[in-house]
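Residue-level structural notes
In case you want the letters, here they are:
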Amino acid sequence: MTLPCNLEIEQKFRVEDFHSVFAKIVELSYVDRGEIEQRDEYYSHPCRNFKKTDEALRIRYEGNQAILTYKGPKLVGPIKSREELEWPFEYRSLDGNQDSNAHPPIDWLLLRLGFQQVATVRKHRKWFQLLVDEIKVMVSLDQVEQLGCFIEIESVCVDSQRAAHEAAILFVANQLGLNNPIQASYLGMLKKLEQ
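The sections below set out a description of the structure shown in this document. All of these numbers come straight from a predicted model, not from anything done at the bench. (Residues numbered from 1 in each chain as written. Predicted model: local features only at pLDDT ≥ 70, side-chain atom pairs only at ≥ 80, totals over all residues. Heavy atoms only, no water.)

Proximity of charged atoms lets side chains of opposite charge pair with each other. On inspection of all chains with the given rule, the structure shows 17 salt bridges. The partner of lysine 126 in a salt bridge is aspartate 32, with the nearest N and O atoms 3.2 Å apart. Here the residue lysine 126 occupies a position in strand β6 (residues 116–132), and aspartate 32 occupies one in strand β2 (residues 31–44), the gap between them amounting to 94 residues. Of the residues examined, lysine 126 reaches a relative accessible area of 16% and is grouped as buried. By relative accessible area, which is 43% here, aspartate 32 ends up partly exposed. A salt bridge links lysine 74 to aspartate 54; the shortest N-O distance between them is 2.9 Å. One end of the pair, lysine 74, is in strand β4 (residues 65–74); the other, aspartate 54, is in the loop between α2 (50–53) and β3 (56–62), with 20 residues separating them in the sequence. Judged by relative accessible area, lysine 74 falls into the partly exposed class, the value being 33%. Connected via shared salt-bridge partners are Glu10, Lys12, Lys80, Arg125, Asp142 and Glu152. (Salt bridge = Lys/Arg side-chain N within 4 Å of Asp/Glu carboxyl O. Helix = DSSP H or I, 4+ residues; strand = E, 2+ residues; numbered from the N terminus. Buried < 20%, exposed > 50% of the residue type's maximum accessible area, 1.4 Å probe, protein only.)

Next up, the structure:
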């Protein structure tokens, strides 16, 4: 059986602040997709070392929605690319009310299966969207707790479209005057701080 394979293609840039990039975003007429608080909880596998296999499993909380995400190993190439599979679901606290700190049943399932929560990444994200040759590219301005300010440029595609999506991301980075992308994930940077 062949599993479906969506790729997340992204570049991440550390910035001092968002002022110059935001001015360019406004000038270039990106579509404003709003702002959101995100809490990403990462889990370790009971039998597999995700650090060695370069995989990740997380639950992302946004309002009363949560998304279970699996990320595969990074692929070789000029831009950070990896398989990404997502399962969104709504959740409520046990009393039925919305609660941004509640844990949905999927969290309980992971813990019962032997997964352990290993880290939490919190961020405030402002999203923008641009179409580049019919390719949807998302630009996020991330204020990450303990880490600072970052710009992420990303797109999602199937493997056969990877080259076109990489080109679109490079085009957007150039438009915004961004260079020197970093490969580390927020989780990796946070773990490094803890050492």
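All chains considered together, the criterion is met by 2 aromatic pairs. Centroid distance phenylalanine 150 to tyrosine 186: 5.2 Å. Interplanar angle 65 degrees. Geometry classified as edge-to-face. Of this pair, phenylalanine 150 sits in strand β8 (residues 148–158) while tyrosine 186 sits in helix α5 (residues 186–194); the two residues are 36 residues apart in sequence, bridging distant segments of the chain. By the burial criterion, phenylalanine 150 is buried, and tyrosine 186 matches it. The ring of tyrosine 186 has lysine 12 sitting right over it, with the charged end atom 4.6 Å from the ring centre. Over the aromatic face of tyrosine 61 sits the side chain of arginine 39, whose NZ or CZ is 4.0 Å from the ring centroid. (Phe/Tyr/Trp six-rings, centres within 6.5 Å; stacked < 30°, edge-to-face > 60°. Lys NZ or Arg CZ within 6 Å of the ring centre and 35° of its normal.)

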